[in-house]
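# Structural overview for review
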Amino acid sequence: METSQRQKLLTQELAAHAEAYYGQDAPVISDAQYDALYDELLLLEAESGVVLPGSPTQYVGVEAKRGFEPHTHLNRLWSLDKVRTNESLIDWQARLNKLRQEFINRTGQDLPPLSYALEYKFDGLTLNLTYDKGRLVEAATRGNGVVGEGILNQVRTIDDIPERIPFKGRMEVQGEGYMKLSVLNELNATLAEPLKNARNAAAGALRNLDPAITAARRLSCFCYQVGYIEGREFASQDEMRDFLLENGLPVNELFVKANDVEELFAHIEEGEKKRDELDYLIDGMVVKVCPYA
């Protein structure tokens, strides 16, 4: 089928918005507005059967910014699927259960019933930290998921992130660099030109060539995922979280388990009620499947 003029315009518009958000740390529309346009483009692509070159539905992030050395991740950083309704979450669980049953039928290998872990989705800048022989040896932005920007000197200004850890193998840890809202308020009280918001302030500081500027922003970090590791495996999100804690890596206090989506609904509702009490920005919540297959 042929693509419509609307699909062509949306592809161009969303590509520009993605560059403003990821490349310039200066979004011009809200996340909700972007998501609505993104969903419309997904629908048009499904109807036409065509994905135009440069469509943001095929990638998350941007290429490395000039002035930073490109860094190739040891393991690809994947993006998250989004759901906005209870019905969509129920459909997602049904698809998972179907895949689980198909695997059992095909292999004869039993799998435990699915359960879930719920965490906040932080609104800052994704960081990919590389440790080797117990030392922090590299830090990078997400970039396009395969290649990011090497920002080790900037990340070293974040007190939350340890330079040395007990684990001596090679691994990548994914987290979110963010600015506390209390820090934003303190800094804005002293600045002639106030920072627009905590997300932009954190992203702009981490993607600034001068680490002194990064340090002045007093950033923080939450770690939530081991993306690559040598000599160790994790059977569940619980094990991974315990491993991060054992190695002194900063994790968020919210971590709840659920056996089905009905339990998730209650936990999500409770978590959303606390949003205004948090000292950091969130962009919803993340549901993870556990135990791992």
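An account of the accompanying structure is given in this report. Here the residue numbers are simple positions, counted from 1 along each chain's written sequence. Under the rules for a predicted model, residues below a pLDDT of 70 receive no local features and side-chain atom pairs below 80 are neither given nor counted, while totals for whole chains, interfaces and linings still include all residues. The basis for the side-chain values is all heavy atoms of the structure; hydrogens and waters are excluded.

Before going further, it helps to spend a moment on the overall build of the protein. Broken down by element type, the protein carries nine helices and nine strands. Projected onto its principal axes, the C-alpha positions of the protein cover 60 × 55 × 40 Å. Any residue under 20% of the maximum accessible area for its type is buried, any over 50% is exposed, and the rest in between are partly exposed; the area is computed with a 1.4 Å probe on protein chains only. Put simply, the protein has 293 residues, and 44% of those count as buried. The criterion used for residue contact is that any of the two residues' heavy atoms lie within 4.5 Å. For the protein, restricting intrachain contacts to residue pairs at least 6 apart in sequence, the fraction spanning at least 24 positions comes to 74%. Carbon and sulfur atoms form 51% of the exposed surface of the protein, whose accessible area is close to 15,600 Å². Neither His nor the chain termini are counted; the positive set is Lys and Arg, and the negative set is Asp and Glu. For charged residues, the charge sits on one atom: NZ in Lys, CZ in Arg, CG in Asp, CD in Glu. Of the charged side chains in the protein, 32 are positive and 47 negative; the average position of the first set lies 4 Å away from that of the second. Put simply, DSSP H or I for four residues or longer makes a helix, DSSP E for two residues or longer makes a strand, and each gets a number counted from the N terminus. Only the protein chains shown count as cover for residues, and the accessible areas themselves come from Shrake-Rupley with a 1.4 Å probe.

Whether two strands pair comes down to DSSP finding at least two bridges between them. The strand order across the open sheet formed by three strands is 8-2-9, and the pairing between neighbours is antiparallel. Whereas interior strands pair on both sides, the edge strands pair on one side only; in this sheet they are strand 8 (256-258) and strand 9 (282-290). The sheet shows a mean angle of 30° between the axes of neighbouring strands, taken without regard to direction. Across seven bridges, the pairing between strand 2 (residues 115-122) and strand 9 is antiparallel. When the bridges of strand 9 are listed, F122 appears paired with I282. Here, axes are lines fitted to C-alpha atoms. For helices the fit covers the stretch in contact, and angles between N-to-C directions go from 0 to 180 degrees.

Among buried residues, those of type Ala, Val, Leu, Ile, Met, Phe, Trp, Tyr and Cys that are joined through side-chain atoms within 4.5 Å constitute a nonpolar core. Membership of the largest hydrophobic core comes to 38 residues, with the highest contact counts inside it found for L127, L129, I161, M171 and M179. At the level of elements, strand 3 (125-132), strand 4 (135-141), helix 4 (152-155), strand 6 (171-178), helix 5 (181-188), helix 6 (198-206), strand 7 (220-229) and helix 8 (237-246) are the ones that each hand at least two residues to this core. Ignoring any residue separated from it by four or fewer positions in sequence, one finds M171 in contact with L129, T130, Y131, I165, Y228, I229, F243 and L249. L89, Y116, L118 and L264 belong to the second-largest nonpolar core, a separate cluster that totals 19 residues.

This brings us to the pairing of strand 3. In terms of burial, strand 3 is a largely internal element, six of the eight residues being buried. Sheet topology note: the strand 3/strand 6 ladder contains seven bridges and is antiparallel. Bridge pairing in strand 6 links L129 to V173. When strand 3 meets strand 4, the two strands line up antiparallel, connected through six bridges. In the sheet register, D132 faces strand 4, and the bridge partner there is R135. Connecting the antiparallel pair strand 3 and strand 4 is a turn made up of two residues, with K133 showing a positive phi of about 55°.

Salt bridges are counted wherever a side-chain nitrogen of Lys or Arg sits within 4 Å of a carboxyl oxygen of Asp or Glu. Within the structure shown, the criterion is met by nine salt bridges. Here R207 ties to E149 by a salt bridge, and the two come within 2.6 Å at their closest N and O atoms. Taken together, the positions of R207 in the loop between helix 6 and helix 7 (211-216) and E149 in strand 5 (residues 147-149) put the pair 58 residues apart, joining distant regions of the chain. R207 sits in the buried class, given a relative accessible area of 5%.

Bringing the sheet that holds strand 6 into the picture now. Ordered in space as 4-3-6-7, the four strands form an open sheet in which the pairing is antiparallel. Unpaired on one side and paired on the other, strand 4 and strand 7 mark the two borders of the sheet. Taking each pair of neighbouring strands and ignoring which way they run, the sheet shows an average axis angle of 30°. The strands touched by helix 6 are strand 3 and strand 6; relative to strand 3, the strand with the most contacts, the crossing angle is about 45°. Across the sheet, helix 8 is in contact with strand 6 and strand 7; its angle to strand 7 comes to roughly 120°.

With respect to the helices, strands and loops of the structure, Q154 is situated in helix 4. The exposure class assigned to Q154 is buried, which follows from its relative accessible area of 5%. For the pair formed by Q154 and Q101, sequence separation is 53 residues and the distance between their alpha carbons is 46 Å. Sequence-distant contacts of Q154, that is, excluding residues within four places in its chain, are made with F68, A205, L206, N208, L209, D210, P211 and T214.

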